[in-house]
Amino acid sequence: MIQPARILITAGEPAGIGPEIIVKLAQEPCSDQLIACASPTLLKDTAQQLHLPLELSVFNTNEEALAHRIGHLWIVPVELESPVIAGKLNQTNAAYVIKTLDTAHQLAINGAVNAILTGPVHKGIINQSGLAFTGHTEFFADKSNAHKVVMMLATEGLRVALATTHLPLKEVSGAVTPQLLQEVIEILIHELQSKFSLKRPKVLVCGLNPHAGEDGHLGREEVDTIIPTLEKMRTQFDAELIGPIPADTAFQPKWLTQVDTVLAMYHDQGLPTLKYKGFGKAINLTLGLPYIRTSVDHGTGLDIAGQGLADIGSMHYALQFTQQLINNRKSN
Ligand SMILES: NC(=O)C1=CN([C@@H]2O[C@H](COP(=O)(O)OP(=O)(O)OC[C@H]3O[C@@H](n4cnc5c(N)ncnc54)[C@H](O)[C@@H]3O)[C@@H](O)[C@H]2O)C=CC1
Ligand SMILES: NCC(=O)COP(=O)(O)O
């Protein structure tokens, strides 16, 4: 019999839709063990508001992994600092959010769980509380001492990786250096081979400037950095590196049917197209970490929190995708 995997799900911002999504997910069948990292009180209260059954058992790493039971979750309890009002951010609970992520990292790095699947956090309120935080991607990279990681979002028919992540736009140009591009593309090639079983990955690399810089007349990053880096890497890696292609024409079937991934230079160059194509049916994953970390494609949904309106499509997709990644890792 195949041993169930252990998937740890962090509930994210307590005033957002994360807790609701986890409680709804608990009502679905799953062949693996689902472990929530959250406040038990919050999950119980959320289930009660949704009129859904929820039984919680404290997770014990020494016990055998068991397949999911509908209406039940294993839990790694983390206590809130203050009571939660759905839709209302409270900076006193930022430390709770960080503690759930810290706990998740510890469990994953020690091999006590096979993957982390994160619910959405609110980056602003965590910073407002005085804790520096740019995103899960950077948080887990830092905790794991990973020099570089790559954010990738994927939906049916489209994968988009990002050369830079949560960076103010005015800092992007300076950040896109030959070294950064080389590191990002190396991780991308390696993980497309190992996680997605693509022997010779085809990556379409976007330019940074309008029309990929128009031969240097609309910006020099392509001429000075992107083109030379791609030329050098083409001789070193077993991958097809196409580009730089102007980002405004990159996302068309002509290219997308030919390539495995688009590499965008910055967050809002790549993600609007991905979300237009697949919002609610997409996942976010971090490439280059020592463990599997996936996430939903959406944020905290504060405008709909506490109303029972949160759709679990992305969480569902992320869970299935996580299971696939775990199985691929086992068979490699
Ligand atoms: N993985 C993560 O932790 C992520 C966190 N965020 C954070 O979330 C916060 C809010 O970001 P926004 O830009 O407002 O994006 P958002 O995704 O929270 O909301 C955008 C719109 O989509 C709707 N929506 C989102 N998820 C939904 C769901 N599951 N079902 C139904 N409707 C849904 C919301 O109601 C809203 O109208 C920010 O602080 C951002 O940093 C954003 C993306 C990912
Ligand atoms: N747009 C995706 C996003 O911002 C999620 O970032 P992270 O928290 O997964 O690093």
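Residues numbered from 1 in each chain as written. Chains lettered and ligands numbered in written order. Predicted model: local features only at pLDDT ≥ 70, side-chain atom pairs only at ≥ 80, totals over all residues.

Points about the site of ligand 2
Keep this limit in mind: Near, as applied to residues and a molecule or strand, means the residue's backbone-placed C-beta atom lies within 6 Å of it. Residue polarity is assigned by list, with Asp, Glu, Lys and Arg as charged and Ala, Val, Leu, Ile, Met, Phe, Trp, Tyr, Cys and Pro as nonpolar; anything else, Gly included, falls into the polar class.
Residues in contact with ligand 2, as listed here, are Gly 135, His 136, Thr 137, Leu 271, Asn 284 and Ser 295. Residues that form the shell around ligand 2 fall into these classes: one nonpolar, five polar and no charged.

Here we look at the site of ligand 1
Put simply, the rule reads: Each helix is a run of DSSP H or I of at least 4 residues and each strand a run of E of at least 2, with the numbering of both proceeding from the N terminus.
Around ligand 1 sit 20 residues, and of these Pro 120, His 298, Gly 299, Gly 301 and Asp 311 come closest. Secondary structure elements with two or more residues in the shell around ligand 1: helix H4 (123–128) and strand E12 (292–296).

Here's the deal with helix H1 (residues 18–25)
Let me state the cut-off plainly: Burial in this document is a count-based property: other C-beta atoms within 10 Å of a residue's C-beta are tallied, and the residue is buried at 20 or more, exposed at 12 or fewer, or partly exposed in between, with C-beta positions derived from the backbone.
Along H1, eight of the eight residues are buried, which leaves the element largely enclosed by surrounding structure. Among the residues making up H1, those that are buried are Gly 18, Pro 19, Glu 20, Ile 21, Ile 22, Val 23, Lys 24 and Leu 25.

Describing the UniProt feature "binding site: a divalent metal cation" (unreviewed entry) in the chain
Selection rule: UniProt positions are given in the numbering used here, feature names are shortened, and annotations may be inferred rather than shown by experiment. Once C-beta atoms are placed from the backbone, any two residues with those atoms within 7 Å are in contact.
The UniProt entry lists His 166, His 211 and His 267 under the feature "binding site: a divalent metal cation" (unreviewed entry), expressed in the numbering used here. Of the residues just listed, which span 102 residues, the most distant C-alpha pair is 23.4 Å apart, and they do not cluster in one region. Note on placement: His 166 falls in the loop between strand E7 (158–162) and helix H6 (169–175). Leaving out residues up to four positions away in the same chain, His 166 has contacts with Thr 134, Gly 135, Glu 138 and His 267. Note that His 211 resides in the loop between strand E8 (202–206) and helix H8 (221–236). Under the C-beta neighbour-count criterion, His 211 is labelled partly exposed, with 15 such atoms within 10 Å. Once residues lying within four places of it in the same chain are set aside, the contact partners of His 211 are Leu 218 and Pro 246.

Some words on the environment of Leu 218
With respect to the element layout, Leu 218 can be found in the loop between E8 and H8. Here the alpha-carbon distance between Leu 218 and Leu 208, two residues 10 residues apart in the chain, equals 10.0 Å. Filtering out sequence-adjacent residues up to four positions away, Leu 218 remains in contact with Asn 209, Pro 210, His 211 and Gly 213.

A few points about the environment of Gly 216
Here Gly 216 shows up in the loop between E8 and H8. The class for Gly 216 is exposed, based on 12 C-beta atoms found within 10 Å.

Focus: helix H12 (residues 313–331)
The condition is simple: Here a helix's expected span is defined as the number of its residues, less one, multiplied by 1.5 Å.
Its 19 residues place the ends of H12 27 Å apart at the C-alpha level, agreeing with the 27 Å of an ideal helix rising 1.5 Å per residue. Of the residues making up H12, those classed as buried are Ser 314, Met 315, Tyr 317, Ala 318, Leu 319, Thr 322, Gln 323 and Leu 325. On the buried face of H12, the contacting elements are strand E1 (6–10), H1, strand E5 (115–118), strand E11 (283–287) and E12.

Observations regarding the pairing of E11
For the record, the criterion: In this scheme, strands are said to pair when DSSP sees at least two bridges between them.
Taking burial as the measure, the five residues of E11 include five buried ones, the bulk of the element. Burial of the side chains of E11 extends over both faces: Ile 283, Leu 285 and Leu 287 are buried on one face and Asn 284 and Thr 286 on the other. Where E11 lies against E12, three bridges are found, and the strand directions are antiparallel. Among the inter-strand pairings, Ile 283 is bridged to a residue of E12, identified as Val 296. Where E11 folds back on E12, the antiparallel hairpin that results is connected by four residues, among which Gly 288 adopts a positive phi of roughly 100 degrees.

Overview of the UniProt feature "binding site: substrate" (unreviewed entry) in the chain
In the numbering used here, UniProt assigns the feature "binding site: substrate" (unreviewed entry) to His 136, Thr 137, Lys 275, Asn 284 and Arg 293. Counting through the fold element by element, Asn 284 comes out in strand E11. In this view, Asn 284 contacts Met 151, Leu 153, Thr 294, Ser 295 and Asp 297; residues no more than four positions away in its chain are not counted. Take Arg 293: it is sitting in strand E12. Here Arg 293 is in contact with Ile 116, Thr 118, Phe 140, Leu 285 and Thr 286, once residues within four sequence places are set aside.

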